[in-house]
Amino acid sequence: PPPPGAPPPPPARAGGWAGAGSPLLSPGEVRSKPMTVLQWEKLSMGKLAHTLWGDGGSDGGAKGAAGALEKLMEPGRAFEIDISALEGRFARPDPSARFRRAESDNSDRSTVGSADGGTPRARISLLEPKRSTSVGIVENKLRGALGGKPLRDAILEVDEALLTQDTLKMALSAVPTTAEQAQLLAFQGEPSTLDRPEQLLRSLCGIPRLEGRILAMMFKAQLEPDMDELLQQVDSLKAACEAVQGSAELQALMQIVLHIGNALNAGTARGNAAGFRPSALLKLAEHKAADKKTTLLHYTVEVVQTNAPKVRRVTALLPTLAQASRVSLEELRAKSADLARGMDQVERELTALEEAAEKEEERREALHREAMEAWSAAKEQRDEARRRHREGRAAARASEGGGGGGGGGGGGR
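> For this particular structure, what's the right way to read the nonpolar core?
Generally speaking, nonpolar side chains in soluble globular proteins are found buried as a group. With 24 residues, the main nonpolar core has Leu151, Ile155, Leu163, Leu200, Leu201, Leu210 and Ile214 as its most contacted residues. No other element matches the 4 residues that helix α9 (residues 210-245) contributes to this core. Every residue in contact with Leu151, bar those within four places of it in the chain, is listed here: Leu142, Leu146, Leu163, Ala171, Leu200 and Leu204. With 8 residues, the next largest nonpolar core counts Val257, Leu284, Leu296 and Val304 among its residues.

> Please clarify how the confidence of the model for the protein chain should be interpreted in this entry.
Detail in the predicted coordinates should be disregarded across regions flagged by low pLDDT. Across the protein chain, the average pLDDT comes to 75, with 69% of residues at 70 or higher. Scored below 50 in pLDDT, residues 20-28 shows 4 contacts in the model against residues more than four places distant or in partner chains.

> Sorry if this is basic, but what is going on with a negative patch on the surface here?
Judged by side-chain charge, Asp344, Glu347, Glu354, Glu355, Glu358, Glu361, Glu362 and Glu365 come together as a negatively charged surface patch. The topology assignment puts Glu362 in helix α13 (residues 329-412). Given the relative accessible area of 49%, Glu362 is considered partly exposed.

> Would you mind showing me how to read the pattern of salt bridges here?
Any two side chains of opposite charge can pair, given that their charged atoms come close. Under the defined criterion, the tally for this structure stands at 10 salt bridges. Between Arg131 and Glu180 there is a salt bridge, and its shortest N-O distance comes to 2.9 Å. Taken together, the residues span a long stretch of sequence, with Arg131 in helix α4 (residues 129-145) and Glu180 in helix α7 (residues 178-185) at a distance of 49 residues. Assigned by exposure class, Arg131 and Glu180 land together as buried. Between Glu157 and Lys149 there is a salt bridge; the shortest N-O distance is 2.6 Å. Because the salt bridges share partners, they merge into one network encompassing Lys149, Glu157 and Asp159.

> It is not clear to me how the packing of α4 against helix α6 (residues 165-173) should be interpreted in this structure. Could you clarify?
Helix packing for two helices is described by the angle between their axes and how far apart those axes are. Contact geometry for α4 and α6: axes closest at 9 Å, N-to-C directions at 150°. The angle between the axes of α4 and α6 places the two elements in the roughly antiparallel class. Helix-helix and strand crossings are classified by hand; for α4 and α6 the assignment is left-handed. Residues Arg131, Val138, Lys141, Leu142 and Ala145 of α4 form the contact with α6, whose own contacting residues are Thr167, Met170, Ala171 and Ser173. The residue inventory of the contact of α4 with α6, partitioned by class, reads 5 nonpolar, 2 polar and 2 charged.

> Could you clarify how one ought to interpret the side chain of Ser236 in this entry?
In this structure, Ser236 sits in helix α9. Take Ser236: its relative accessible area is 10%, and that puts it in the buried class. A polar contact is formed between the side chain of Ser236 and the side chain of Gln323, at a distance of 3.5 Å. Apart from the residues lying within four places of it in its own chain, the contact partners of Ser236 are Gln323, Ala324 and Val327.

> I keep staring at the environment of Val234 and nothing clicks. Help me out?
Position of Val234 among the secondary structure elements: in helix α9. Sequence-wise, Val234 and Ala324 are 90 residues apart; in three dimensions their C-alpha atoms are separated by 8.8 Å.

> Looking at this structure, I do not really get helix α11 (residues 296-307). What am I missing?
Owing to its 3.6 residues per turn, the α-helix brings residues three or four apart onto one side. With 12 residues, α11 should reach 16 Å at 1.5 Å per residue; the first-to-last C-alpha distance of 16 Å fits that figure. Restricting attention to buried positions, one finds in α11 the residues Leu296, Thr300, Val303 and Val304. Buried residues of α11 fall within an arc of 100° about the axis and therefore sit on the same side. Contacts from the buried residues of α11 go to α10 (248-264).

> Help me understand α4, please; the structure alone is not making it clear to me.
Taking 1.5 Å of rise per residue, the 17 residues of α4 would be expected to cover 24 Å, and the 24 Å separating its terminal C-alpha atoms lies within 8% of that figure. All of the buried residues along α4 are Arg131, Ser132, Val135, Gly136, Val138, Glu139 and Leu142. At the exit of α4 stands Gly147, carrying a positive phi of roughly 60°.

> Any chance you could explain the packing of α10 against α11 here in plain terms?
Where α10 meets α11, the axes come as close as 10 Å, and the angle between the chain directions of the two elements is 120°. As judged from the angle between their axes, α10 and α11 are oblique. Note that α10 runs across α11; the crossing there is right-handed. Judged by residue contacts, Leu253, Ile256, Val257, Ile260 and Leu264 of α10 engage Leu296, Tyr299, Thr300, Val303 and Val304 from α11. Class assignment for the residues of the contact of α10 with α11 results in 9 nonpolar, 1 polar and no charged.

Rules used in this analysis
Residues numbered from 1 in each chain as written. Predicted model: local features only at pLDDT ≥ 70, side-chain atom pairs only at ≥ 80, totals over all residues. Heavy atoms only, no water. Core = buried A, V, L, I, M, F, W, Y, C linked by side-chain atoms within 4.5 Å. Buried < 20%, exposed > 50% of the residue type's maximum accessible area, 1.4 Å probe, protein only. Helix = DSSP H or I, 4+ residues; strand = E, 2+ residues; numbered from the N terminus. Contact = heavy atoms within 4.5 Å. pLDDT = per-residue confidence, 0-100. Patch = residues over 30% accessible without salt bridge, like charges linked within 9 Å, V, L, I, M, F, W, Y side chains within 5 Å. Areas by Shrake-Rupley, 256 points an atom, 1.4 Å probe, with all protein chains shown as cover. Salt bridge = Lys/Arg side-chain N within 4 Å of Asp/Glu carboxyl O. Lys, Arg positive; Asp, Glu negative; His and termini not counted. Charge placed at Lys NZ, Arg CZ, Asp CG, Glu CD. Axes fitted to C-alpha atoms, helices over the stretch in contact; angles between N-to-C directions. Parallel < 35°, antiparallel > 145°, perpendicular 65-115°, else oblique. Left-handed = near helix turned anticlockwise from the far one by under 90°. Nonpolar A, V, L, I, M, F, W, Y, C, P; charged D, E, K, R; others polar. Polar contact = N/O pair within 3.5 Å; in protein donor to acceptor, adjacent residues only side chain to side chain. Expected span 1.5 Å × (residues − 1). Arc of directions from axis to C-beta.

Given below as structure tokens:
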């Protein structure tokens, strides 16, 4: 309740004003429309002690933050909130209004209000229609991905938190060509009159080595996961190779297959083999028996069971070999080549940055030398002026002394 003798705080009214004499609303008070919620951890009245809301000064007036505000207000003026403005600015968006906003955005892309707020005029489009459409789609996605931050600023600041791999790919597709840069930079009008795709591309024109920068950032963003995947694949191949090389069972199985093959091919040009390529193992299941039901693979298993049952332990290799079989050597080589190209790209960018820094340092040193030379020349001129000044004063004193001595002699005669 308000202190004795003080009027109660004015109630908050939808569409009107609310006094801020109390931080609490009236029981059951609601806004006239749903509002966005401030996600804070609120304090109850019983928890205000020793907080800036509960502790006050020693003058016996209102305590805490409320007392401080009261002291800072103009005499006789009460702090008020315009509830209409509050609801107008922070009301929860109506879901049905999304379609209306989308239509408004589409119309906004093609028109822009005149300076005097009169009839809107068409935005200026310099790009080819197809290119403008594709860049417009990218621009719309980038605005959402960057949270409203300009793409130019994110690139120059190398904002890794916002420039994800997907965002960088979109940015790469928006890199203006040489012809587009010349066309956009030659535009002499107000940049805000350009259509959104043109504004985006024009903002990127001044970034040195734009495409190289984006490619380097893409490589850096993807380097760690690519390296992890590459090393996992290499480890799988290495483990499979070591398992194959160290498996006595596999070697025995290959020898059994060699015996069976030589037995089949006896008397032919393919017989009497000392070994065979591993690809021949695939043919065991294709080599049909006379009954058209069993294959040479079935027969090999029977031979193994009859002659060397322990060879069946070769199946322990299957999990390791299965994992390695999913690795493509061609893809592995391609990824290695991509990493090498990416490293080259980063190296070129670093070299370019170092050269730019060296040129900037040389420019500063040249300016410093010029300044020192100008200072030295000015110092010499100053010293020369002082010397001439001293010589002039000495000559003047000599002239005055000579003239005075002549006058005294004449008087003596």
